[in-house]
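Architecture and fold: a report
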Amino acid sequence: DVKVTQSSRYLVKRTGEKVFLECVQDMDHENMFWYRQDPGLGLRLIYFSYDVKMKEKGDIPEGYSVSREKKERFSLILESASTNQTSMYLCASSPGTPNEKLFFGSGTQLSVL
Amino acid sequence: GQQLNQSPQSMFIQEGEDVSMNCTSSSIFNTWLWYKQDPGEGPVLLIALYKAGELTSNGRLTAQFGITRKDSFLNISASIPSDVGIYFCAGQGPGTYKYIFGTGTRLKVLA
């Protein structure tokens, strides 16, 4: 089975801090995604990556950046955390071809105080 | 971002009953995925559909890819208490790696 591992289940940070969320997948998938999930707003795409060092903005990239130096690892960076970035963050991966399954990690619940 | 219309939004059912929910889109999809999410957890993939008209089962769950390619259905037979959670669909259109997600159906099972 595909395993998508997010490094933290819960994080509490202060406003203005730089925050790193890490995600690792073990199935040699080409595509990796970062979403945030908020009540009433559903899943919203922040960034995705279709190859090492390649990235594309999603629907809500403002305030975030990403890094993919190795195929299996995709990091989400909050340059200067703000309270409106309190959310559940979900990492996902899929193989490199269209019409494929999307697998999620367990999520990181981030609280910014 | 765009969300798929999913209904019902929530439902209470008696243990042992069958459940149906559906997702509709204004555009066609090549792939439909169905997930279950428990509180505080990531979504778990239940069923994947790739062809119009396709009917696929996973235990008590059955999903169908609509003929028009603009909708999909999920049925749960003989529900049990552990079926409680949020179910949502995801669709992927032609020529894109991005997925669009449904608004979710919250299922509560009364023992």
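As the structure is a computational prediction, the values presented were derived from the model and not from experiment. Think of each chain on its own: its residues are numbered from 1, step by step along the sequence as written. Whichever chain is written first is A, and whichever ligand is written first is 1; the rest continue in order. Owing to the predicted nature of the model, reporting of local features is limited to residues with pLDDT of at least 70; listing and counting of side-chain atom pairs is limited to 80 or more, with chain, interface and lining totals taken over all residues. Hydrogens and waters are ignored; side-chain quantities use all the structure's heavy atoms.

**Brief notes about the overall build of chain B**
We apply this condition: Put simply, DSSP marks the helices as runs of H or I at least four residues long and the strands as runs of E at least two long, and each gets a number from the N terminus on. In this treatment the radius of gyration is a C-alpha quantity, and the globule benchmark scales as 2.2 Å times the residue count to the 0.38 power. Whether a residue is buried, partly exposed or exposed follows from its accessible area with a 1.4 Å probe, protein chains only, as a fraction of its type maximum: under 20%, in between, or over 50%, in that order. In what follows, a contact means two residues having at least one pair of non-hydrogen atoms within 4.5 Å. Working definition of accessibility: Shrake-Rupley area with a 1.4 Å probe, residue cover restricted to the visible protein chains. When charges are counted, neither His nor the chain ends are considered; positive counts come from Lys and Arg and negative counts from Asp and Glu. By convention, the point assigned to a charge is CZ for Arg, NZ for Lys, CD for Glu and CG for Asp.
Of the regular secondary structure elements, chain B holds 0 helices and 11 strands. Listed N to C, the secondary structure of chain B is β-β-β-β-β-β-β-β-β-β-β in terms of helices and strands. Whereas a compact globule of 111 residues would reach a radius of gyration of roughly 13 Å, chain B reaches 13 Å, a difference of no more than 12%. Looking at chain B as a whole, 45% of its 111 residues are labelled buried. Of all intrachain contacts in chain B linking residues separated by at least 6 positions in sequence, the fraction that spans at least 24 positions is 55%. If you sum the accessible surface of chain B, you get close to 5,100 Å²; carbon and sulfur atoms cover 52% of it. Treating the 8 positive side-chain charges of chain B as one cloud and the 8 negative ones as another, the clouds have centres 11 Å apart.

**Some points on the side chain of A:Thr108**
All names here are of chain A. Applied cut-off: Polar contacts, as counted here, are pairs of nitrogen or oxygen atoms within 3.5 Å of one another; within protein the pair requires one atom able to donate a hydrogen and one able to accept it, and residues that are adjacent in sequence qualify only if both atoms are side-chain atoms.
Position of Thr108 among the secondary structure elements: in strand β11 (residues 108-112). Of the residues examined, Thr108 reaches a relative accessible area of 2% and is grouped as buried. For Thr108, the side chain forms a polar contact with the main-chain oxygen of Ser8, separated by 2.5 Å. If near-sequence neighbours (up to four positions away) are discounted, Thr108 is found in contact with Gln6, Ser8, Arg9, Leu11, Leu21, Ser87, Met88 and Tyr89.

**Focus: the packing of aromatic side chains**
Worth spelling out the cut-off: Pairing of aromatic rings covers Phe, Tyr and the six-membered ring of Trp, with a centre-to-centre limit of 6.5 Å; geometry is then stacked below 30 degrees between planes, edge-to-face above 60, and tilted otherwise.
Within the structure shown, the criterion is met by 12 aromatic pairs over all chains. With a centroid separation of 6.0 Å and an interplanar angle of 15°, the aromatic rings of A:Phe33 and A:Tyr35 are classed as stacked. A:Phe33 sits in the buried class, given a relative accessible area of 0%. Each ring, one from A:Tyr35 and one from B:Phe101, has its centre 5.2 Å from the other, and the planes form 90°; the classification is edge-to-face. Note that A:Tyr35 is positioned in strand β4 (residues 31-38) and B:Phe101 in strand β10 (residues 100-102), a pairing that runs across two chains. According to the relative accessible area criterion, B:Phe101 is buried, its value standing at 2%. What links up through ring pairs into an aromatic cluster is the set A:Phe33, A:Tyr35, A:Phe48, A:Tyr50, A:Phe104, B:Tyr35, B:Phe88, B:Tyr99 and B:Phe101.

**Description of the interface of chain A and chain B**
Many authors give the size of an interface as the accessible area that is lost as the parts come together. For clarity, the cut-off: Throughout this description, the term salt bridge denotes a Lys or Arg side-chain nitrogen within 4 Å of a carboxyl oxygen of Asp or Glu. Residues are sorted three ways: Asp, Glu, Lys and Arg are charged, Ala, Val, Leu, Ile, Met, Phe, Trp, Tyr, Cys and Pro are nonpolar, and all the rest, Gly among them, are polar.
Opposite the 28 residues of chain A that make contact, chain B presents 20 residues. Across the chain A-chain B interface, the total number found is 1 salt bridge. Residues B:Glu41 and A:Arg9 are paired through a salt bridge, measuring 3.2 Å at the closest nitrogen-oxygen approach. Looking at the side of chain A that touches chain B, the elements with two or more residues in it are β4, β5 (42-51), β6 (54-57), β9 (87-94) and β10 (103-104) of chain A. Split into classes, the residues belonging to the side of chain A that touches chain B amount to 12 nonpolar, 10 polar and 6 charged.

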